Amino acid sequence: MRKKGRDWRAGAGAVHTYSVLCKKCEYCDFLSAPANPAVRQSYVDRLVEEICVLAPNYQQYQATSIFIGGGTPSILDLRQIARLMGAVSGAFHLCTDAEITMECNPGTLTGDKARALYRLGINRLSLGLQSVKRKELLLLGRIHSYEDFLKSYDAARKAGFSNINVDLMSALPCQTVKSWEDTLRQVAMLKPEHISAYSLIIEEGTPFYLRFHEDEMARDRGEQPLFLPSEEDERRMYELTDEFLSARGYRRYEISNYAKPGFECRHNIGYWTGKEYLGLGLGASSLIENTRFQNTDEMDVYMRRPFARLEEEVLDRKEQMEEFMILGLRMTEGVRRQEFSDRFGVEPEVVYGPVFQKLEAEGLLRRTEDRIVLTKRGVDVSNVVFVELLL
């Protein structure tokens with residue numbers, strides 16, 4: 001959101017919807033669960049109530065972006081989606097050019113629904129493909145095929161959408177460098193405006209963790225995992241992503257995100273550059289005036305009290321500096337010196353001088369007259385760099 005009457009951007013708004021997936025993906029550790037039609041309707045009722053009650057507290061802001069995500073919001077019926085959009089547009093001040101994104105899983109987006117979403121003012125779609133290979137999709141626990149994705153993608157284009165993101169995932173069980181290249185090639189041929197390409201992370205508590213825990217233990221022992229790609233193949237997939245997409249006109253503007261010029265995701269850039277954001281819905285997180293808070297993640301509690309907060313944390317100056325620097329360096333353009341100085345009243349070298357010198361000597365960071373950026377090698381080992389930036 002952006003504060004009215006001020007010429008600086010102050011953040012991005014979000015609407016998180018409770019997952020209505022029929023089947024949760026094997027690798028997913030996000031907050032989601034099945035929900036029948038009655039539960040969906042009750043949840044939408046509570047979410048609209050939360051929007052209407054809390055909005056008066058944020059009338060000094062203009063929403064520059066809206067992100068309807070979490071689970072599969074596109075499975076809601078059109079009446080429910082229209083009600084959510086009406087509540088948001090009626091309760092908040094939206095910029096005339098606001099970026100409004102909805103996450104959609106292939107198979108949940110028909111031609112009729114795509115046209116209706118476009119008419120409702122949603123102007124960006126994010127389609128969760130992950131892979132074009134049937135075997136890899138099955139191993140992930142995805143409920144769609146590549147053919148389902150193509151139908152949804154075609155429906156979106158015919159409906160008028162000119163800003164589409166496709167989510168892809170590498171380092172999957174049984175995936176090879178060749179199959180990953182096939183996925184990149186087939187998706188790039190469709191010419192989406194944005195591609196998010198992430199490496200699989202096996203999280204505890206997921207079915208994937210139970211199935212591939214032995215693989216992870218073998219890798220920790222320096223042995224070759226049975227099902228997961230080798231570290232060498234995983235590294236090659238990572239390098240191939242940038243090489244392949246860059247050659248086809250996609251600019252890497254963040255560690256895992258690529259876009260055609262002018263189609264960088266405004267909403268996510270808000271997160272990475274420390275803008276304020278308001279999350280609405282079950283488990284949704286917010287950052288307002290250096291205070292991070294999160295809604296309850298228990299459905300029965302949310303249904304009784306949609307404004308119940310799970311936790312609240314006021315970030316001190318040190319934590320604000322850490323987040324600003326670490327998140328900002330995820331962007332390929334890095335951190336602007338002047339913005340750091342304006343925000344914290346001190347030059348970045350005063351805080352990080354010795355750390356910068358160490359990282360420069362190791363070839364991981366580069367300083368220019370106006371910016372601090374990671375080198376290509378620094379991006380490759382960004383987690384190592386980020387640890388160094390903790391104060």
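### Details of the pairing of strand 4 (residues 93-104)
In terms of strand pairing, strand 3 (residues 61-69) meets strand 4 through six bridges, oriented parallel. Bridging from a neighbouring strand, Ile66 pairs with Ile100 of strand 4. The pairing of strand 4 with strand 5 (residues 124-130) spans four bridges and is classified as parallel. Each residue of the ladder has a partner; that of Glu103, found in strand 5, is Ser126.

### Some thoughts on the nonpolar core
By size, the foremost hydrophobic cluster in this structure holds 63 residues, and its most contacted members are Ile51, Phe92, Ile122 and Leu125. Ignoring sequence-local partners within four residues, the contact set of Leu125 consists of Met102, Cys104, Leu109, Leu117, Ala156, Phe161, Asn163, Ile164 and Asn165. Of all hydrophobic cores here, the second largest spans 22 residues; its members include Ile326, Val346, Tyr352 and Ile372.

### Details of the packing of helix 12 (residues 337-344) against helix 13 (residues 348-361)
Their axes nearest at 10 Å, the elements helix 12 and helix 13 cross at an angle of 120°. Judged on the interaxial angle alone, helix 13 and helix 12 are oblique. Contacts from Arg337, Phe340 and Ser341 of helix 12 reach helix 13 at Pro348, Glu349 and Val351. Counted by class, the contact of helix 12 with helix 13 contains three nonpolar, one polar and two charged residues.

### Section: the sheet that holds strand 12 (residues 291-295)
If you walk across this open sheet you meet the three strands as 11-12-13, and the pairing is antiparallel. The open sheet terminates on both sides in strands that have one partner only, identified here as strand 11 (285-288) and strand 13 (309-314). The sheet shows a mean angle of 15° between the axes of neighbouring strands, taken without regard to direction. As paired strands, strand 11 and strand 12 are joined by four bridges and run antiparallel to one another. Of the residues in strand 12, the one forming a bridge with Leu287 is Arg292.

### Examining the layout of surface pockets
Volume-wise, the second largest pocket comes out at about 290 Å³. In terms of lining, the second largest pocket is formed by 15 residues, of which the most central are Thr273, Met331, Glu333, Gly334 and Arg371. Elements that contribute at least two residues to the lining of the second largest pocket include exactly strand 8 (251-254), helix 11 (317-328) and strand 14 (335-336).

### Observations concerning helix 1 (residues 37-54)
Compared with the 26 Å implied by 1.5 Å per residue over 18 residues, the 26 Å span of helix 1 between its first and last C-alpha is a close match. Buried residues of helix 1: Arg40, Gln41, Tyr43, Val44, Leu47, Val48, Glu50, Ile51 and Leu54, and no others. The N-capping residue of helix 1, defined by a side-chain oxygen 3.1 Å from the backbone nitrogen of Ala38, is Asn36.

### A closer look at helix 5 (residues 146-159)
When the terminal C-alpha atoms of helix 5 are compared, their 20 Å separation across 14 residues agrees well with the 20 Å that a helix rising 1.5 Å per residue should span. Among the residues making up helix 5, those that are buried are Tyr146, Phe149, Ser152, Tyr153, Ala155, Ala156 and Ala159. The inward-facing, buried residues of helix 5 contact helix 3 (111-119), strand 5, helix 4 (134-140), strand 6 (164-170) and helix 6 (177-190). Among the residues trailing helix 5, Gly160 stands out with phi positive, at a value near 115°.

### Things to note about unusual backbone geometry
For residues that are not glycine, phi is negative in most cases, and the peptide bond is trans in most cases. The backbone of Glu289 shows a phi angle near 50°, a positive value even though the residue is not glycine. For Glu289, the position within the fold is in the loop between strand 11 and strand 12. One non-glycine residue, Asn290, lies in positive phi territory at about 65°. Here Asn290 falls in the partly exposed class, since its relative accessible area comes to 38%.

### Observations concerning the sheet that holds strand 14
The three strands lie next to each other as 14-16-15, forming an open sheet whose pairing is antiparallel. Looking at the sheet topology across the chains shown, the edges are occupied by strand 14 and strand 15 (365-367). Here two bridges tie strand 14 to strand 16 (residues 371-374), and the two strands are oriented antiparallel to one another. From the neighbouring strand, Val335 faces strand 16, where its bridge partner is Ile372.

### Describing the confidence of the model for the chain
Within the chain, residue pLDDT values average 87, and 85% of them lie at 70 or more. Low pLDDT (under 50) marks residues 4-13, which in the prediction has 38 contacts with non-local residues, meaning those over four places away or in another chain. For the stretch residues 16-31, pLDDT sits under 50, and the model shows 68 contacts to residues farther than four places along the chain or on other chains.

### Regarding the environment of Leu282
For Leu282, the position within the fold is in the loop between strand 10 (279-280) and strand 11. The exposure class assigned to Leu282 is buried, which follows from its relative accessible area of 7%. Remark: the alpha-carbon pair of Leu282 and Arg46, spanning 236 residues in sequence, is separated by 9.7 Å.

What counts and how
Position labels on residues start from 1 in each chain and follow its written sequence. For a predicted model such as this one, the threshold for reporting local features is a pLDDT of at least 70, and the threshold for listing and counting side-chain atom pairs is 80 or more; totals across whole chains, interfaces and linings nevertheless cover every residue. As a convention, hydrogens and water are excluded, and side-chain values are obtained from all of the structure's heavy atoms. A strand pair is defined by DSSP finding two or more bridges across the two strands. Counting from the N terminus, the helices are the DSSP runs of H or I reaching at least four residues and the strands are the DSSP runs of E reaching at least two. Nonpolar cores were defined as sets of buried Ala, Val, Leu, Ile, Met, Phe, Trp, Tyr and Cys residues, with membership established by side-chain atoms within 4.5 Å. Relative accessibility under 20% of the residue-type maximum defines a buried residue, over 50% an exposed one, and the middle range a partly exposed one, all with a 1.4 Å probe and only protein chains included. Whether two residues are in contact is decided by their heavy atoms: any pair within 4.5 Å suffices. Helix axes use the C-alpha atoms of the stretch in contact, all axes being lines fitted to C-alpha atoms, and the angles between their N-to-C directions lie in the range 0 to 180 degrees. Should an angle lie under 35 degrees it is considered roughly parallel, over 145 roughly antiparallel, and from 65 to 115 roughly perpendicular; all remaining angles are considered oblique. In this count, Pro and Cys sit with the nonpolar residues alongside Ala, Val, Leu, Ile, Met, Phe, Trp and Tyr, while Asp, Glu, Lys and Arg are called charged and the others, Gly among them, polar. Space inside and on the surface of the protein is sampled on a 1 Å grid over the protein atoms alone, with a cavity defined as a set of points where a 1.4 Å probe fits but cannot get out and a pocket as an open set with protein on both sides within 12 Å along at least 5 of 7 lines; lining residues have an atom within 4 Å of a point. Grid points are joined across faces, edges and corners, and a volume is the space filled by probe spheres set on the points. For a helix, the expected span equals 1.5 Å multiplied by the residue count minus one. In the analysis that follows, any N or O atom pair within 3.5 Å is treated as a polar contact, provided that within protein one partner can donate a hydrogen and the other can accept it, and provided that, for residues neighboring in sequence, both atoms belong to side chains. Values of pLDDT, which run from 0 to 100, indicate the predictor's confidence residue by residue.

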